[in-house]
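Analysis of the macromolecular model
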Amino acid sequence: MKSQMDAKAVLDLWEAGQRRYPYQRAMLVLERCGWPEVADMPLAERDRALLALYRETFRSSLGLVTDCPDCDAQLELQLPAADLDQMLHLPTPEAPKALEGVALRDVTSRDLDAVTNATDPAAALQGRLLGSDNLPEAAKEALAAWIDARVNAAEISLGLTCAECGAHWSEALDIPSFFWFELEIAARRVMRDVADLALAFSWSEEAVLSMGPERRQTYLELARAS
Ligand SMILES: [Zn+2]
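Only a predicted model underlies this, so the values are computations on that prediction, with no experimental measurement involved.

**Digging into the packing of aromatic side chains**
For the structure on display, the rule yields seven aromatic pairs. Taken together, a centroid distance of 5.9 Å and an interplanar angle of 65° make the contact between Phe201 and Tyr219 edge-to-face. Residue Phe201 is located in helix H8 (residues 175-201), and its partner Tyr219 is located in helix H10 (residues 213-225); the two are separated by 18 residues in the primary sequence. Taking relative accessible area as the criterion, Phe201 reaches 32% and is therefore assigned partly exposed.

In structure tokens:
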């Protein structure tokens, strides 16, 4: 890893994100890395920020491994983060006629947080975006379609083709889940290093994490060579 997130920050973040929803983990990551106003970022903007952090912290492309739904052949792709970022720059569609005069805005993490435990999350989200439900039925339907379109626009959908059988399908790419997957790998690597050094030299986690990466790596080589 090459970002400002050191081994302790990786572990703390990983632990804080246990038993959280993906959108809550995304907020945690950005908040801990100093992004302001995270809860009020539109979802596409949040994902662009996560992609930037992914490039800084892990690598410049995201590795996708998936199976063909028809013949089960495995497909491996490297997706440059810069290309994915471009896919999140979608123009805001014009509001339909039925919604003339209604102020519309994009869904944010604060909205997701507010409706997660609602009996009908979709209706609760509409209520939040509107601020009132004094709308004619046609406008309500148009609003539901608008929200769906905007939420879909904040997701990356990849068109894939199988090299073996030629099948076409699309796959949604969830940036918060990708980030968390890599963070999980990094956190487990840190914990394995701590465990190996504790076993070899009886050092505490705190002592191991306070070392610089070069020194820790050299001790690890010594511990694993013996
Ligand atoms: Zn196939």
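**Observations concerning the domain arrangement of the protein chain**
Under the domain assignment, the protein chain is made up of domain 1 (7-88 + 156-225) and domain 2 (97-153). The C-alpha centroid of domain 2 is placed 31 Å from the C-alpha centroid of domain 1. Each partner contributes residues to the interface: domain 1 has twelve residues there, and domain 2 has ten residues. Across the domain 1/domain 2 interface, buried area totals approximately 920 Å², and carbon plus sulfur atoms make up 55% of it. Counting the contacts that link domain 1 with domain 2 gives one salt bridge. A salt bridge links Arg110 to Asp40; the shortest N-O distance between them is 2.7 Å. Summed over the shared surface of domain 1 and domain 2, the number is seven residue pairs in polar contact (both at pLDDT 80 or more).

**Points about helix H6 (residues 121-130)**
Taken residue by residue, H6 has Leu125, Gln126 and Leu129 as its buried positions. What you see down the axis of H6 is that its buried residues fit within an arc of 100°, all on one side.

**Regarding unusual backbone geometry**
The backbone of Arg19 shows a phi angle near 55°, a positive value even though the residue is not glycine. Following the sequence through the fold, Arg19 ends up in the loop between helix H1 (7-16) and helix H2 (22-32). We note that Asp72 has phi near 70°; this positive angle belongs to a residue other than glycine. Here Asp72 is to be found in the loop between strand E1 (61-67) and strand E2 (74-80).

**Re the coordination of the zinc ion**
Coordination sphere of the zinc ion, protein contribution only: Cys68 (SG), Cys71 (SG), Cys162 (SG) and Cys165 (SG), at 2.3 to 2.4 Å. Angles of 107 to 112° at the metal separate the four donor atoms of the zinc ion, which places the site in the tetrahedral class.

**Brief notes about the pattern of salt bridges**
Counted by the stated rule, this structure contains nine salt bridges. In this structure, Asp12 and Lys8 form a salt bridge, with 2.8 Å as the shortest nitrogen-oxygen distance. Here Asp12 and its partner Lys8 are both found in helix H1, four residues apart, which amounts to about one turn of the helix. The partly exposed category is assigned to Asp12, whose relative accessible area is 31%. Two residues, Arg105 and Asp111, come together in a salt bridge whose shortest N-O distance is 2.8 Å. Of the residues examined, Arg105 reaches a relative accessible area of 35% and is grouped as partly exposed.

**Points about the nonpolar core**
By size, the foremost hydrophobic cluster in this structure holds 67 residues, and its most contacted members are Leu62, Leu173, Phe179 and Leu183. Sort the elements by how many residues they give to this core and H8 lands first, with ten residues. Of the residues that make up this core, three or more belong to each of domain 1 (7-88 + 156-225) and domain 2 (97-153). Here Leu173 is in contact with Leu64, Leu79, Leu84, Ile156, Leu158 and Phe178, once residues within four sequence places are set aside.

**Considerations on the pairing of E2**
Pairing of E1 with E2, which is carried by seven bridges, proceeds in the antiparallel orientation. Within the sheet, the bridge partner assigned to Asp67 lies in E2 and is Gln74. As consecutive antiparallel partners, E1 and E2 are separated by six residues, and within that stretch Asp72 has a phi angle of approximately 70°, a positive value.

Conventions we followed
Residues numbered from 1 in each chain as written. Predicted model: local features only at pLDDT ≥ 70, side-chain atom pairs only at ≥ 80, totals over all residues. Heavy atoms only, no water. Phe/Tyr/Trp six-rings, centres within 6.5 Å; stacked < 30°, edge-to-face > 60°. Helix = DSSP H or I, 4+ residues; strand = E, 2+ residues; numbered from the N terminus. Buried < 20%, exposed > 50% of the residue type's maximum accessible area, 1.4 Å probe, protein only. Domains from an automatic or database assignment. Contact = heavy atoms within 4.5 Å. Buried area = accessible area lost by both parts, 1.4 Å probe. Salt bridge = Lys/Arg side-chain N within 4 Å of Asp/Glu carboxyl O. Polar contact = N/O pair within 3.5 Å; in protein donor to acceptor, adjacent residues only side chain to side chain. Arc of directions from axis to C-beta. Donors = N, O, S within 2.8 Å, 3.2 Å for Na, K, Ca; no water. Tetrahedral: all angles 85-135°; square planar, octahedral: opposite > 155°, others 65-115°. Core = buried A, V, L, I, M, F, W, Y, C linked by side-chain atoms within 4.5 Å. Pairing = 2+ DSSP bridges.

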